[in-house]
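Report on the structure
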Amino acid sequence: MSSTIAPAAPIPPSAARGRLPLGGLLALAAVVFTGVVTEILPAGLLPQMSADLGISASQVGALVAVYAVATAITAIPLVALTRAIPRKALLVSLVLGFAVVNAVTALAPGYALILGARVVGGMLAGLLWAMAAGYAMRMVEAERAGKALSVAMVGTPLAFAFGLPIATALGSALGWREAFGAMAVLSLGLALWAALALPAFPGERAGDRPSLLTVLRMPGLATVLAVTGFFVLAHNVAYTYIAPLTVASGVARHLDVALLAFGVLAVGGVLTAGILVDRHLRAMVLVASALLGIAMLALGLWGANAVVVYLAIGLWGFAYGGAPTLFQSAPARIAGSAADVAQSMVVATWNGSIALGALLGGVVIDTLGVPLLPWATIVLLAVAAALAATSRAAFAR
């Protein structure tokens, strides 16, 4: 690790006494929850937005895609540009930015302005995902960093399991603009909570900032990024097309129930990862890959059996739920106080894999058929597991 990296900021007194600073960590979890719901909300409001704005379903879908692409493209440069800004001020500003993005979306007269707001939202999200993990881990001593991260990251599966259905129901009852307006108001409240609950951490001093290339060359980081890419790619090859994947079993007719099971079990995956990640990081990565592989194997062999499909989707959720904790703990350990830069690389890899997974899954369906999706996923998971198992530096304790 570069000798130019500054020591970590002082640990808050509550953490030093052995207690997790739950107030701050739950505030982070709520911010993450809001960021995820903001990202995926157009998918839940697709019919209403399409009808009201007079646009096609694919144009509404593009609002989700452009958000993810903006996150992937801008995360690394924006983190590099904001490294000197005090962390708390930057994080609160990002939450206020989400309030503005959602408010503009709610009030916009047409599609073009909404599309522009989504690009800005994606840029804000890239900074948020890069900061949140490092922020949570800096709030506690090193031996409890994984537990702290799991609390902060629980907002992601909660957003998929409960946040999107609630926001979608609100949009159906009151209108899609009201749903985005509610997210804007929620973001304002979260900004105040974050300002009150989070400890202050300084930005990096000019002489303490290793270059992007220096960070990338830190032992094990490139392997962490590769494992992250293959794992997330594997997930999204199948998850993007979960509806056609479940048609043969009849589960597609009750996909909301299956996705709820996925989300609830994902919360369990986050909590389990938080308990074990500090001591068993490499083992947890391999277990997550194996469990997801078993779920795909079940779908590949018994995809016409509804009971098996429900069980496989639950196992899938559990395996994937802990992934953010695992793949954000590893670069933070490697990069030290340059963790935000390393995390921005994870964010770019993660979101790029989401987009590539959708494309690759479509190619598999068009050329080989839906039944081959689980097998393609298993191949990608095998690559991720092999890389994780053979690298000594990437997932060291």
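Residues take numbers from 1 onward in each chain, read along the sequence in its written order. This being a predicted model, a pLDDT of at least 70 is required before a residue's local features are given, and a value of 80 or more before pairs of side-chain atoms are given or counted; all residues contribute to the totals for chains, interfaces and linings. The side-chain numbers reported here are obtained from all heavy atoms of the structure, hydrogens and water having been left aside.

Moving on, we come to the pattern of salt bridges. Salt bridges, as used here, are contacts in which a Lys or Arg side-chain nitrogen is within 4 Å of a carboxyl oxygen on Asp or Glu. Inspection of the entire model under this criterion finds 3 salt bridges. Glu141 is the partner of Arg144 in a salt bridge, and the nearest nitrogen-oxygen pair spans 3.0 Å. For Lys147, the salt bridge identified is with Asp278, shortest N-O distance 4.0 Å. One end of the pair, Lys147, is in helix H7 (residues 145-153); the other, Asp278, is in the loop between helix H13 (255-276) and helix H14 (281-302), with 131 residues separating them in the sequence. For helices the rule is a DSSP run of H or I covering at least 4 residues; for strands it is a run of E covering at least 2, with both sets numbered from the N terminus onward.

So, about the domain arrangement of the protein. Under the domain assignment, the protein is made up of domain 1 (22-197) and domain 2 (212-390). In this entry, domain limits derive from an automatic or database-based domain assignment. Taking only C-alpha atoms, the centre of domain 1 and the centre of domain 2 are 21 Å apart. Taken together, the 32 residues of domain 1 in the interface contact 26 residues of domain 2. Once two parts are put together, the accessible area they lose, assessed with a 1.4 Å probe and summed over both, is termed the buried area. Taken together, both faces of the contact between domain 1 and domain 2 bury some 2,300 Å²; the carbon and sulfur share is 71%. When the area that domain 1 buries against domain 2 is broken down by residue, the three leading residues are Ile76, Ser150 and Pro157, summing to 19%. One can count 1 salt bridge joining domain 1 with domain 2. Whenever a nitrogen or oxygen atom comes within 3.5 Å of another N or O atom, the pair is scored as a polar contact, on the condition that within protein one atom can donate a hydrogen and the other can accept it, and that pairs from neighbouring residues in sequence are kept only if both atoms are in side chains. Linking domain 1 to domain 2 there are 1 residue pair in polar contact (both at pLDDT 80 or more). When residues of the side of domain 1 that touches domain 2 are traced back to their parent elements, those giving at least two are helix H4 (57-81), helix H6 (111-138), H7 and helix H8 (155-174). Per-class residue counts for the side of domain 1 that touches domain 2 are 21 nonpolar, 5 polar and 6 charged. Residue contacts are defined here by distance: any two heavy atoms, one from each residue, within 4.5 Å place the two residues in contact. Charged residues are taken to be Asp, Glu, Lys and Arg, nonpolar residues to be Ala, Val, Leu, Ile, Met, Phe, Trp, Tyr, Cys and Pro, and polar residues to be all remaining types, Gly included.

Rolled over the atoms, a probe with the dimensions of a water molecule shows which regions are left empty. Using a 1 Å grid laid over the protein atoms alone, points where a 1.4 Å probe fits but cannot get out form a cavity; open sets with protein on both sides within 12 Å along at least 5 of 7 lines form a pocket; any residue with an atom within 4 Å of a point counts as lining. Grid points are joined across faces, edges and corners, and a volume is the space filled by probe spheres set on the points. Within this model, the largest pocket holds a volume of roughly 1,400 Å³. In terms of lining residues, the largest pocket is bounded by 45 residues, among which Ile40, Phe160, Asn236, Tyr239 and Ile354 are the most central. Element by element, the count of residues in the lining of the largest pocket is highest for H13, at 8 residues. Looking at the lining of the largest pocket residue by residue, the classes come out as 31 nonpolar, 12 polar and 2 charged.

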